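# Chains, contacts and geometry: an overview
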Amino acid sequence: MIKQFFYTQYYSPDPMAVVFPKNEKELISLVRLANELSLKLVPSGGRTGYSGGAVAAFKEIVVSFDKMNKILSFCEEDRNVCCQPGLITKELQEFAKANDLFYPVDFASSGSSLIGGNIATNAGGIKVIRYGLTRNWISGLSNAIFY
């Protein structure tokens, strides 16, 4: 009998390839090509999660967001930061602090977890009871990849 586990440590990675898009344009091109060729994509970030959702175990293409790690804009008036999915959580926290703001989503892996993964899993962390989940701190997501 084979047990089915849902933690990353129980899946053996077996990707077809790993790609590192640097911007939205490259990501859009990749998604279009994958659709045309019926290839499966698996997003990959800081690799700190245990849900098993970011393991390419069946020859998928891993899309690493390591190079999409920038803060794109900051609007002081409405206190919104626009960033790429590969931004490290700790970097967003430090940016907020430098601008007299506070980004409370925090956990042990904040120095290596990525914002995109936090959003994908609706991460909570050690301050979740007081400040809520990641979704409480997101005002919107770009839909550019759907065009």
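All residue numbers refer to positions counted from 1 along the written sequence of the respective chain. Totals for whole chains, interfaces and linings use all residues, but because this is a predicted model, local features are given only for residues with pLDDT of at least 70 and pairs of side-chain atoms are given and counted only at 80 or more. Note that the side-chain values use all heavy atoms of the structure and ignore hydrogens as well as water.

## Considering the overall build of the protein chain
Counting secondary structure elements, the protein chain contains four helices and five strands. Taken from N to C terminus, the helices and strands of the protein chain fall in the order β-α-β-β-β-β-α-α-α. Surface summary for the protein chain: the accessible area is close to 10,100 Å², and the carbon and sulfur share equals 56%. In DSSP terms, a helix is any run of H or I states spanning at least four residues, a strand is any run of E spanning at least two, and both are numbered starting from the N terminus. To measure how exposed things are, a 1.4 Å probe is used in the Shrake-Rupley method; for residues, cover is taken only from the protein chains shown.

## A few points about the pattern of salt bridges
Within this document, salt bridges are pairs made up of a side-chain nitrogen of Lys or Arg and a carboxyl oxygen of Asp or Glu, the two lying within 4 Å of each other. Taken as a whole, this structure holds two salt bridges when the rule is applied. Put simply, Asp-14 and Lys-59 hold a salt bridge, and the shortest N to O gap is 3.1 Å. Here the residue Asp-14 occupies a position in the segment before strand E1 (17-19), and Lys-59 occupies one in the loop between strand E2 (41-44) and strand E3 (61-64), the gap between them amounting to 45 residues. To sort residues, take the accessible area from a 1.4 Å probe on protein chains only and compare it with the maximum for the residue type: under 20% means buried, over 50% means exposed, and anything in between is partly exposed. By relative accessible area, Asp-14 is classed as partly exposed at 32%. The class of Lys-59 is partly exposed, set by a relative accessible area of 46%. With a closest N to O distance of 3.9 Å, Asp-106 and Lys-127 form a salt bridge.

## So, unusual backbone geometry
Positive phi values are uncommon outside glycine, yet Lys-59 reaches one of about 65 degrees. Backbone geometry places Asp-100, a non-glycine residue, at a positive phi of 55 degrees. Among the secondary structure elements, Asp-100 is positioned in the loop between helix H2 (89-98) and helix H3 (115-121).

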